[in-house]
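Each chain, written out:
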Amino acid sequence: MISPLSQPQLSMFLASQGLDDKSGNYQQALLFKLPPTIDLQRFKKALEAFVAAHPYILSHVKEVEGVPCMEQTEETWTAEIKEIENIDQVRRTFAQPMDLHKDRLFRMELYKTPEAAYFYADFHHIIADGACIPIMLQDLGAAYEGREISAEKMNGADVAREE
């Protein structure tokens, strides 16, 4: 499904293209050290339920007749648990700039080290802002506890169409 960019999304797109966005300045990367009692398989399923309830985050930018738009894909997203020796190797490389035309505008990964488990999330500001983080955490908590996550009533495509 293709939809227009909202005015804030268009501004963010144009600004990030002006910098060639090699800096990742328009992304917010978050690292959470998970409690030692967490069930990683259950958390993995909670992440997948979150994405299923908010499918707009599966979008990327597509230019249609020279106009940047959002294209929401119909793909299914699956989380992985990656076993690594040390989280520092991920800290240095995770928040890589995104190709807005090719990449998903988010990355979420689970890491397991011999000492701890971590959840890493990286969102481009075109798809999510700081106000989205509490919603994500609330939905992840609900899904982890086995509660159903309500599908979003209005997503970025709906907002852009109403402008």
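Everything below is about the structure printed above this text.
Now for a description of the structure that goes with this document. (Residues numbered from 1 in each chain as written. Predicted model: local features only at pLDDT ≥ 70, side-chain atom pairs only at ≥ 80, totals over all residues. Heavy atoms only, no water.)

## Examining the packing of helix H2 (residues 40-53) against helix H4 (residues 132-144)
When two helices pack together, their arrangement is captured by the angle between the axes and the distance separating the axes.
Next, step 1: The interhelical angle for the contact between H2 and H4, taken along N-to-C directions, is 125°, at an axis separation of 8 Å. When the axis of H2 is compared with that of H4, the two are oblique. When the axes of H2 and H4 are compared, the crossing they make is right-handed. Residue-level inspection shows Arg42, Phe43, Ala46, Leu47, Ala49 and Phe50 of H2 in contact with H4, the latter providing Met136, Asp139, Leu140, Ala143 and Tyr144. (Axes fitted to C-alpha atoms, helices over the stretch in contact; angles between N-to-C directions. Helix = DSSP H or I, 4+ residues; strand = E, 2+ residues; numbered from the N terminus. Parallel < 35°, antiparallel > 145°, perpendicular 65-115°, else oblique. Left-handed = near helix turned anticlockwise from the far one by under 90°. Contact = heavy atoms within 4.5 Å.)

## Details of the sheet that holds strand S6 (residues 106-112)
Next, step 1: Taken together, 4 strands build an open sheet; the order of strands is S2-S7-S6-S5 and the sheet is mixed. The two strands at the open ends of the sheet, each matched to only one other strand, are strand S2 (27-33) and strand S5 (81-83). The mean angle between the axes of side-by-side strands here comes to 25°, regardless of whether they run parallel or antiparallel.
Next, step 2: Examined bridge by bridge, S5 and S6 share 3 bridges and lie parallel to one another. When the sheet's bridge partners are listed, Lys82 is paired in S6 with Tyr111. (Pairing = 2+ DSSP bridges.)

## Observations concerning the environment of Gln41
Next, step 1: The residue Gln41 is located in helix H2 in this model.
Next, step 2: Using a relative accessible area of 47% as the deciding quantity, one classes Gln41 as partly exposed.
Next, step 3: Sequence separation between Gln41 and Gln27 is 14 residues; the distance between their C-alpha atoms is 27 Å. (Buried < 20%, exposed > 50% of the residue type's maximum accessible area, 1.4 Å probe, protein only.)

## Brief notes about unusual backbone geometry
Next, step 1: The phi dihedral of Glu65 falls on the positive side, at around 55°, and the residue is not glycine.
Next, step 2: In this fold, Glu65 is placed in the loop between strand S3 (59-64) and strand S4 (67-72).

## Remarks on the packing of aromatic side chains
When we look at a pair of aromatic rings, we describe it by the centre distance and by the angle of the planes.
Next, step 1: In this structure the tally under the stated criterion is 5 aromatic pairs.
Next, step 2: Ring geometry for Phe32 against Phe119: centres 5.7 Å apart, planes inclined by 15°, an arrangement best described as stacked. Pair noted here: Phe32 is in strand S2 and Phe119 is in strand S7 (residues 117-124), with a separation of 87 residues, a long-range link.
Next, step 3: Ring geometry for Phe106 versus Phe123: centroids 6.4 Å apart, planes at 25°, classification stacked. Remark: Phe123 occurs in strand S7 and Phe106 occurs in strand S6; sequence separation between them is 17 residues. Note on accessibility: Phe106 and Phe123 belong to one class, buried.
Next, step 4: Members of the aromatic cluster, connected to one another through ring pairs, are Phe32, Phe43, Phe119 and Tyr144.
Next, step 5: Residue placement shows Arg42 over the ring face of Tyr144; its charged tip is 4.0 Å from the ring centre. (Phe/Tyr/Trp six-rings, centres within 6.5 Å; stacked < 30°, edge-to-face > 60°. Lys NZ or Arg CZ within 6 Å of the ring centre and 35° of its normal.)

## Let's talk about H4
Next, step 1: If you check H4, its first and last C-alpha atoms are 18 Å apart, about what 13 residues at 1.5 Å a residue would give, namely 18 Å.
Next, step 2: The inward-facing, buried residues of H4 abut S2, H2, S6 and S7.
Next, step 3: Downstream of H4 by one or two residues, Gly146 has phi in the positive range, about 90°. (Expected span 1.5 Å × (residues − 1).)

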